[in-house]
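Geometric and topological summary
The primary structure of each chain is shown beneath.
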Amino acid sequence: MQAIQILTTGSPDVLTLRDLPTPTVGPGEAFIRIEASGVNFIDTYFREGRYPARLPYTLGQEAAGTVTAIGPNVSTVKVGDRVAWCGIPGTYAQFAVAPVSRLVQIPESVTAAQAAAAILQGMTAHYLSHSAYPIQTGDEVLIHAGAGGTGLLLIQMAKARGAHVFTTVSTEEKAALVRAAGADEVILYTQEDFAARIKKLASGLHAVYDSVGKTTFDKSLEVLRPRGTLVLFGASSGAVPPFDLIKLSLLGSLYVTRPTLKDYIATRADLESRAGDVFNAVAAGTLKLRIEHTYPLAEAAQAHRELESRRTTGKLILLP
Ligand code: NDP
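If you're wondering where the values come from, they're calculated on a predicted model, not measured in any experiment. (Residues numbered from 1 in each chain as written. Predicted model: local features only at pLDDT ≥ 70, side-chain atom pairs only at ≥ 80, totals over all residues. Heavy atoms only, no water.)

1. Considering the overall build of the protein
Selection rule: Working definition: helices are DSSP H or I runs of at least four residues, strands are E runs of at least two. Numbering for both runs from the N terminus. The globule rule used here is 2.2 Å times the number of residues to the 0.38 power, and the radius of gyration it is set against is calculated over C-alpha atoms. The classification of residues rests on relative accessible area computed with a 1.4 Å probe and restricted to protein chains. Under 20% of the type maximum is buried, over 50% is exposed, and intermediate values are partly exposed. Throughout, a residue-residue contact means that at least one pair of heavy atoms, one from each residue, lies within 4.5 Å. The Shrake-Rupley method, run with a 1.4 Å probe, gives the accessible areas here. Residue values count only the displayed protein chains as cover. Counted as positive: Lys and Arg. Counted as negative: Asp and Glu. His and the chain ends are not counted at all. Charge positions come from single atoms, namely NZ of Lys, CZ of Arg, CG of Asp or CD of Glu.
Scanning the protein for helices and strands turns up 10 helices and 16 strands. For the protein, the C-alpha radius of gyration of 20 Å lies close to 20 Å, the compact-globule estimate for 320 residues. The dimensions of the protein, computed from C-alpha atoms along their principal axes, are 60 × 40 × 35 Å. Expressed as a percentage of the 320 residues in the protein, the buried residues total 53%. When contacts within the protein are restricted to residue pairs at least 6 apart in sequence, long-range pairs at least 24 apart make up 67% of them. Surface summary for the protein: the accessible area is close to 13,600 Å², and the carbon and sulfur share equals 52%. Of the charged side chains in the protein, 30 are positive and 29 negative, and the gap between their average positions amounts to 2 Å.

2. Points about the side chain of Asn40
Test applied: In protein, a polar contact means a hydrogen-donor-capable atom and an acceptor-capable atom, both N or O and within 3.5 Å, with residues adjacent in sequence counting only if both atoms are side-chain atoms; elsewhere, any N or O pair within 3.5 Å suffices.
Relative to the assigned elements, Asn40 resides in the loop between β3 (29-39) and α1 (41-48). Asn40 sits in the buried class, given a relative accessible area of 2%. Separated by 2.8 Å, the side chains of Asn40 and Glu62 make a polar contact. Setting aside its immediate chain neighbours within four residues, Asn40 contacts Glu62, Leu120, Gln121, Leu307 and Lys315.

3. Brief notes about helix α10 (residues 300-308)
When we look at burial in α10, the residues that qualify are Ala300, Ala301, Ala303, His304, Glu306 and Leu307. Those residues of α10 that are buried are in contact with β1 (2-6), β2 (15-19), β3, α1, β15 (293-296) and β16 (316-319). Immediately downstream of α10, the backbone of Arg310 shows phi near 65°, a positive value.

4. Quick notes on the sheet that holds strand β13 (residues 224-232)
Defined as follows: Note on pairing: DSSP must find at least two bridges between two strands before they are called paired. For helices, the fitted line uses only the C-alpha atoms of the stretch in contact; every axis is such a line through C-alpha atoms, and the angle between N-to-C directions lies from 0 to 180 degrees.
Read across the sheet, 6 strands follow the order β11-β10-β9-β12-β13-β14 without closing on themselves; strand pairing throughout is parallel. Looking at which strands have only one partner, the edges of the open sheet turn out to be β11 (185-188) and β14 (255-257). Direction aside, neighbouring strands of the sheet carry axes that sit 15° apart on average. Bridging between β13 and β14 involves 3 bridges; their strand directions are parallel. Note on β14: the bridge partner recorded for Thr229 is Tyr255. The sheet contacts of helix α4 (residues 172-181) involve β10 (164-169) and β11, and relative to β11 the element is tilted by about 165°.

Rendered as structure tokens:
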């Protein structure tokens, strides 16, 4: 089968299309023909070596497809089922093997591309808005990089929970997208100081969802109200340097959490409940997906280049 591997870490140029033996299915596993594979910013961290991986390594950890074989002791999925999953490496490929305990069924009215666009970033937006900092009606929250894959979904979920949403983006084109997604206040953080602007508009936010990291972290803390919460969930601009905790006290007894999706879908019940909410909302049309960027599997390197140079909006999908 064809797959995108890295043999060494580095720039997008290290992504290599290779012919690999198709994997064999074991007990408790399903063999799946991948129809759409999601590109996520985390894939760039593995490619760069920021997160450790044993080389050669098949990139990608989100996909949707059809089960074509099952291993021994499998009763929850059958051949022909349409399934999606995330958090299991090796999805930049034509086929994958995954434990059935991590698969979720795709509703009939949801396409494979939609499922691959929704499962990782949708469940992320879900746990951020419902659990990491559970938004209450009337909360004022800031979502950085609002036009990104995760950002557009998080804005919609925050609005559905009754928040007043501030968001940052880098361009006017992205500003139009976040407004359409429901954002109330849009700030071009490449052109103006987002903290100064927010301080003029609000007396202090309940929460900031910060996936940008290095370039936004300090000012994200500054715009919180006393006892507000900073949810730092990514590092698109680089990792936040070591931090003196006394700052949290000086800025008003703040909370900071650094969550990751894996811990919010660790149980089968959590996985089914979050995936169910996300897929049902997609099927009902209340959660809108933006899938503007699709690439053949062989062009995964181009997808990485565009994602990292901030040229994309919404979801990036690879078609094997
Ligand atoms: P996005 O589609 O959001 O792309 C990243 C965006 O970050 C860019 O479009 C850009 O938006 C913004 N950005 C700001 N500074 C930079 C920079 N220096 N270089 C590149 N981009 C920058 O990606 P994803 O939705 O896939 O992921 C968003 C973030 O969420 C990532 O940091 C990812 O690691 C994290 N994440 C964390 C999860 C968790 O559970 N902890 C799960 C899923 C994602 P703009 O041009 O508007 O500034």
